[in-house]
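Chain by chain, the residues:
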Amino acid sequence: MNRTEDTRAFYQLLHELEQRFGGTRTLTDCHGRMPWPSRGVYFFFEPGETRSRTGHGPRVVRVGTHALMAKSRTSLWNRLNQHRGTLNPLGGNHRGSIFRLLIGDAMTSAGYVEYTGSWGRGSSAPKAIRESERPAEVEVSRYIGAMPFLVVSINDAPGPESQRGYIERNAIALLSGYSSTAADPPSANWLGFHSSRERVRRSGLWNNNHVDECYEPAFLGALEKLIHDIG
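Here goes a summary of the coordinates provided. Per-chain numbering applies: the sequence of each chain, read as written, is numbered from 1 onward. A pLDDT threshold of at least 70 governs which residues receive local features in this predicted model, and a stricter bar of 80 or more applies before side-chain atom pairs are shown or counted, although totals over entire chains, interfaces and linings include all residues. Note: side-chain values were computed over all heavy atoms of the structure, leaving out hydrogens and water.

Here's the deal with the packing of aromatic side chains
- What counts as a ring pair is set by centres within 6.5 Å for rings of Phe, Tyr and Trp (its six-membered ring), and what kind of pair is set by the plane angle: stacked under 30 degrees, edge-to-face over 60, tilted for all other angles. Taken as a whole and judged by the stated rule, the model has 10 aromatic pairs.
- Centroid distance Phe10 to Tyr11: 5.3 Å. Interplanar angle 80°. Geometry classified as edge-to-face. Of the two residues, Phe10 and Tyr11, neither departs from the other in class, the shared state being buried.
- When the centroid spacing of 6.2 Å and the interplanar angle of 15° are considered together, the rings of Trp36 and Phe149 count as stacked. Highlighted residues: Trp36 in the loop between β1 (25–26) and β2 (40–50) and Phe149 in strand β4 (residues 148–153), separated in sequence by 113 residues.
- Feature note: the residues Trp36, Tyr42, Phe44, Trp77, Phe99 and Phe149 constitute an aromatic cluster, connected by ring pairs.
- Sitting above the plane of the Tyr178 ring, Arg199 keeps its charged end 5.6 Å from the centroid. A 1.4 Å probe rolled over the protein chains alone gives each residue an accessible area, and that area as a share of the maximum for its type sets the label: buried under 20%, exposed over 50%, partly exposed in between. Secondary structure elements follow DSSP: runs of H or I of four or more residues count as helices, runs of E of two or more count as strands, with numbering from the N terminus. Throughout this description, the term charge over a ring refers to an Arg CZ or Lys NZ atom that lies within 6 Å of the ring centre and within 35 degrees of the ring normal.

Take a look at the structure:
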C-alpha cells in the first residue's frame, strides 16, 4: 500500500469525474431543479487549499454522503441543501449540518464572526437564540457556498453497508492526516486549524468520522467503475 500513489490515483479519478460531471459546481449557484442523482457521494474543495505532493490542483477538504440509516429518505440534494442553507434571506441551520457546524466553529475561533456561546449546542434552539446566531450562519453560507464540489452518483439502498458509505469512509481515511502525515497536507493558513475539534485540525479535513481509520486500496477500483459507468 503506497498512500502517496493511491492519493495520486484518487485525484486522477476525480479529474475524470469532473469531466463527466461537466465541471465543479458551487452551492451558491445550485438549486433542487437541477438533474441531481437520487443518492451519491460528494467531494468539496476549498479556495486556497491545493495539492502539494501528488500533483497540481485543489485538494479535497470534505467527503460526505447521506441516507446511511436503513429506510432513510434523504436525497443527495436534501443533504447538499442543508449544507448550503437558505438564500433568501441568506442563512441556514448548523444544527442540521455538521459541515456548517464545523465551519462556523472555526470561523468563530478565528474571530471572523462574533462569538456565540450557543453555537453547536443542542439539536434545536428557540427563536431568540437562532436570531443571535444569524450573522454567523450568514457567513457560513457564504463560505460553503463558494466551495467547489463534485458528486459521484451511487443509487444504492439506504443503510450503513451501502457502497456510498464504503466510498465515503475510505476516501476520508485516505486523505486524512490524523494518524500520519497526509499526502497533501493543508496550507499554513487553512481555516480548519482554528477548529475546536482535534479531529478536524489533525486530519486536515472538515470531517469528524473515519479520519482515524485505515483505508482499503480496493475502494479506488470501486470508485473507478462508478465514474466510468456515468453516462
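Concerning the side chain of Glu133
- Considering the arrangement of structural elements, one finds Glu133 in helix α4 (residues 127–145).
- Looking at Glu133, the relative accessible area reads 2%, which means it is buried.
- It only takes one pair of heavy atoms within 4.5 Å for two residues to be counted as in contact. Among residues more than four places away in sequence, those in contact with Glu133 are His94, Arg95, Thr116, Ser118 and Trp119.

Section: helix α7 (residues 219–228)
- Residues of α7 that are buried include every one of Phe219, Leu220, Ala222, Leu223, Leu226 and Ile227, and no others. Along α7, the residues classed as buried sweep out an arc of 160° about the axis, all on the same side.
- Elements in contact with the buried residues of α7: α1 (3–21), β4 and α5 (163–175). Think of the arc as the fan of directions from the helix axis to the C-beta atoms.

What to know about the pattern of salt bridges
- What makes a salt bridge here is a side-chain nitrogen of Lys or Arg within 4 Å of a carboxyl oxygen of Asp or Glu, nothing more. Going through the model one piece at a time under the given rule, you end up with 10 salt bridges.
- One salt bridge in this structure joins Glu137 and Arg100, with 2.9 Å as the shortest N-O distance. Taken as a pair, Glu137 in helix α4 and Arg100 in helix α3 (residues 98–110) lie far apart in primary sequence, 37 residues in all. Across this residue pair, the class does not change: Glu137 and Arg100 are buried.
- Its salt-bridge partner being Arg202, residue Glu198 comes within 3.2 Å of it at the nearest N-O pair. Taken together, the residues span about one helical turn, with Glu198 and Arg202 both in helix α6 (residues 198–203) at a distance of 4 residues.
- The partly exposed category is assigned to Glu198, whose relative accessible area is 37%.
- Using a relative accessible area of 38% as the deciding quantity, one classes Arg202 as partly exposed.

Some points on unusual backbone geometry
- With an omega dihedral of 0°, the bond running from Asn88 to Pro89 counts as a cis peptide bond.
- Within the secondary structure, Pro89 sits in the loop between α2 (76–84) and α3.
- Its identity is not glycine, yet Ala67 carries a phi of approximately 50°, on the positive side.
- In this fold, Ala67 is placed in the loop between β3 (58–64) and α2.
- The phi angle at Lys71 is positive, at roughly 70°, despite the residue not being glycine.
- Tracing the chain through its elements places Lys71 in the loop between β3 and α2.

No statement about biological role is implied by the geometric values presented.
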